[in-house]
Amino acid sequence: DAARLEKDRTPPEKEDVELASLIRTTADGVCLRYQMPADVIELDLEPCIVQAAPVDLELVFRNLIDNAVKYASDDDPRVQVSLKPGLEGWVVARITDNGRGIPPQYRRKLFGRFIRLGSELERDKPGTGLGLYIVRTLVSRLGGKVRIRDREHQSASDGGLRGVSDGGLRSGTTFEVQLPGRVAPPPAAQAA
């Protein structure tokens, strides 16, 4: 996928994609891949439309949700995915895990090619270090932005995702994706 992105600079055909449905399907696929119950990923999705190639959006969100599940807590993995309208003309998706978190000094670097944190001999999670590079490249081509944030402290009713202090780091990470888009019209308006 990374080689295809670098080689093929011709943008694919764009169409209106209802992003909430695409994210829901992608989350189901990730749960199947890891043989985890569907309730590991909590979805809070508002219907939004983004102009893009569906395959590009699926690749972005599959990489982000897959990473969130893979790096969530080993004891009780929890991932939250939200999709909301942002400022006028934007939609914002947030993918949050309850893993160890990413130190601030490494966040920008993680979007490079073949970048992974830690020593190669100490890693317990497989990967190539290309997923976030692909995410950043595709989001940028869509005119959007992706960034890494600390998990926000949430109430005790958040399903075990409450951030805790760990050597100055809050547990968990949020990937925030902003894309040009709009709220999807209600189903009745679409039919008309």
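For clarity, every value in this text was computed on a predicted model and none was experimentally measured.

Visitor: Hey, could you run me through the overall build of the protein chain in this one?
Guide: Helix and strand content of the protein chain: 5 helices and 10 strands. In the protein chain, which comprises 192 residues, the share counted as buried stands at 44%. Sequence-distant contacts, at least 24 apart, represent 73% of the contacts inside the protein chain between residues at least 6 apart. Carbon and sulfur atoms provide 51% of the accessible area of the protein chain, an area that totals close to 10,900 Å².

Visitor: What's the story with the sheet that holds strand β10 (residues 182-183) in this structure? I'm lost.
Guide: By way of backbone hydrogen bonds, the strands of a sheet pair with one another, either parallel or antiparallel. On the basis of which strands lie adjacent, the open sheet formed by 3 strands has the order β1-β3-β10 and antiparallel pairing. Each having just a single partner strand, β1 (15-18) and β10 make up the two edges of the open sheet. In this sheet, strand β3 (residues 48-52) lies alongside β1 in antiparallel orientation, the contact comprising 4 bridges. Within β3, the residue paired with Asp 16 across the bridge is Gln 51.

Visitor: Looking at this structure, how should I read the side chain of Thr 173?
Guide: Summarising the element assignment, Thr 173 is placed in strand β9 (residues 173-180). Under the relative-accessibility criterion, Thr 173 is labelled buried at 3%. Here the side chain of Thr 173 touches Ile 102 through a polar contact of 3.4 Å, landing on its backbone nitrogen. In this structure, Thr 173 is in contact with Ile 95, Thr 96, Asp 97, Gly 101, Ile 102, Ile 148, Arg 149 and Arg 151, ignoring residues within four places of it in sequence.

Visitor: Looking at this model, I keep getting lost on the environment of Asp 150. Mind explaining?
Guide: The residue Asp 150 is located in strand β6 (residues 145-150) in this model. Residue classification places Asp 150 among the partly exposed positions, given a relative accessible area of 30%. Distance in space between the C-alpha atoms of Asp 150 and Gly 172 is 6.9 Å, their sequence separation being 22 residues.

Here is what the cut-offs are and how they apply
Residues numbered from 1 in each chain as written. Predicted model: local features only at pLDDT ≥ 70, side-chain atom pairs only at ≥ 80, totals over all residues. Heavy atoms only, no water. Helix = DSSP H or I, 4+ residues; strand = E, 2+ residues; numbered from the N terminus. Buried < 20%, exposed > 50% of the residue type's maximum accessible area, 1.4 Å probe, protein only. Contact = heavy atoms within 4.5 Å. Areas by Shrake-Rupley, 256 points an atom, 1.4 Å probe, with all protein chains shown as cover. Pairing = 2+ DSSP bridges. Polar contact = N/O pair within 3.5 Å; in protein donor to acceptor, adjacent residues only side chain to side chain.

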